[in-house]
Amino acid sequence: MSNLNLVERVDLPVDRIPERWYNIVPDLPELPERYLDNATGKPATQEYLERLLVKAMAAQESSIERWITIPEPVREAYRLWRPTPLIRAVALERELGTPAQIWFKYEGTSPSGSHKLNSAIAQAYYAKRDGHQKLITDTGAGQWGSALALACRLMGLDLLVFMVRASFHHKPYRRYLMETYGAEVRPSPSETTRFGADLLRRRPDHPGSEATAVSEALECVYDNEDARFAVGAFANFCLLHHTIIGQEVREQLAIAGRTPDYLIAPVGCGSNLGGFAFPFVHDKLDGADITIIAAEPEACPTLTRGEFRLDFADASGRGPGVYTYTLGHDYVPPPIHAGGLRYHGCAPLVGLIRREGILDAVAFAQTDVFRAAALFARCQGYLPAPESAHAIKAAIDVALECKRTGRAATIVFNYSGHGLLDLEAYERFNAGTLRDIEEEDFVLPVPAPLASAGAGL
Ligand SMILES: *Cc1c(COP(=O)(O)O)cnc(C)c1O
């Protein structure tokens, strides 16, 4: 075995951390819609946003500056694991017999295991700088919560996390990670908020969702003047922070002498896709032939089967409303192992580029996703998070299409996180007991009328 030839990789020098975040807003054909304050039915004021969010975040949310300087302490913290490598999956290409090149940006080197630490560090830094003691947030499978727990520890802040109840009880490993970093973690729905207690009274076995966890977190923020809400994925500023991913990819592809034909990322809410692909969107608008693909689960098909309309970021309808693709804020996605993709809506900026025809989307069944993940692991060694495996499935499909057409395309996907805390799902896949968990006749819930949606609270 003298020539295994498994990978090609492009590593940037350790001091090559981007100095600025890229804000896509000024480069878009139209501005994103403003948030709506549900209490007044009017566009959210800066005052409203600053009561919910750290002031610097509220400012970044509506910024139209193209480049935003990354504070030095944030860049210092990024040095914990950045720059991340860009790796060519040579063994997988050989296995598929494709003339295409398959590259992936490996975000799994972060201490918390996913891309989410990019924004967690920034949000914790600004919260501390603006004088807050505490952040409150929601988490699904726990990737965001564990990233923020580490970031708050590094910056010297308290953290309260509402974790989707099904994961809190059945997938506790990331909870243990959050607790080790020093965060307080509660299941959602919980008895500790009015919204959660009410849900449990009506449905004691309520499994929770990202949206219920957001509602409880917001209630606690409203009850505590010193605390602010930290956003795992939805907000413009969150996508902004992740654009260091795509900036690094641009530089690494240039070193490899390639330009991308396909950029693929998994989408739950859109933060890793935004961070990975936004730095290439202006090339596409300038005429470059780049196909950008969002890969989502069939169990929560926001971009492939949702509608573009006004909806709420949380389940109670008390949080801010905004135009984006959504399945309805009261939609509770069926349980799948890619917990990070179980969100009813998507980031407004991702919704916007989807509506503008800049973003394509595909949806996959869970068993197909795990088959792709296992093939990838056997070829390349890396075991992907179930979320990231959606992008792998899409990349494999494109590579096989290239095999049929003989096209030597460059496919690049974002490997958003590792799957070493998701082994239980792999155990089921290996045992042949993993199911797709989809209803045959998928029906979208009837949306609640806007004016009355939050009136009961
Ligand atoms: C949270 C998460 C996702 C999905 O969230 P986005 O906001 O769509 O990026 C995807 N992959 C991993 C590893 C995650 O932790």
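Reading the values: rules and limits
- Residues numbered from 1 in each chain as written.
- Predicted model: local features only at pLDDT ≥ 70, side-chain atom pairs only at ≥ 80, totals over all residues.
- Heavy atoms only, no water.
- 1 Å grid on protein atoms, 1.4 Å probe; cavity = no way out; pocket = protein on both sides within 12 Å on 5 of 7 lines; lining within 4 Å.
- Points joined across faces, edges and corners; volume = space filled by probe spheres on them.
- Helix = DSSP H or I, 4+ residues; strand = E, 2+ residues; numbered from the N terminus.
- Nonpolar A, V, L, I, M, F, W, Y, C, P; charged D, E, K, R; others polar.
- Domains from an automatic or database assignment.
- Contact = heavy atoms within 4.5 Å.
- Buried area = accessible area lost by both parts, 1.4 Å probe.
- Salt bridge = Lys/Arg side-chain N within 4 Å of Asp/Glu carboxyl O.
- Polar contact = N/O pair within 3.5 Å; in protein donor to acceptor, adjacent residues only side chain to side chain.

A. Fine view of empty space enclosed by the protein. Scanning all chains against the criterion turns up 5 cavities of 30 Å³ or more. Of the pockets and cavities examined, the largest cavity occupies roughly 600 Å³. At the level of secondary structure, the elements contributing two or more residues to the lining of the largest cavity comprise helix H1 (46-52), strand S8 (134-139), helix H6 (143-155), helix H10 (210-223), helix H13 (271-285) and helix H17 (386-405). A total of 3 residues in the lining of the largest cavity trace back to one element, the largest contributor, which is H10. Classifying every residue of the lining of the largest cavity gives 22 nonpolar, 15 polar and 5 charged. Counting contributing residues per domain, the lining of the largest cavity is built from domain 1 (7-19 + 82-113 + 242-431) and domain 2 (22-70 + 116-236), each supplying no fewer than three.

B. Geometry of the domain arrangement of the protein chain. Annotation of the protein chain at the domain level lists domain 1 (7-19 + 82-113 + 242-431) and domain 2 (22-70 + 116-236). If you average the C-alpha positions of domain 1 and of domain 2, the two centres end up 22 Å apart. Listed per partner, the contact involves 54 residues of domain 1 and 53 residues of domain 2. Here domain 1 packs against domain 2, burying approximately 4300 Å² in sum over the two surfaces, 64% of which is carbon and sulfur. Taken together, the links from domain 1 to domain 2 amount to 2 salt bridges. The salt bridge involving Asp 422 is made with Arg 174; its shortest N-O contact spans 3.1 Å. At the junction of domain 1 and domain 2, the tally comes to 11 residue pairs in polar contact (both at pLDDT 80 or more). The greatest single-element share of the side of domain 1 that touches domain 2, amounting to 6 residues, is contributed by H13. Here the residues of the side of domain 1 that touches domain 2 are counted per class, giving 26 nonpolar, 17 polar and 11 charged.

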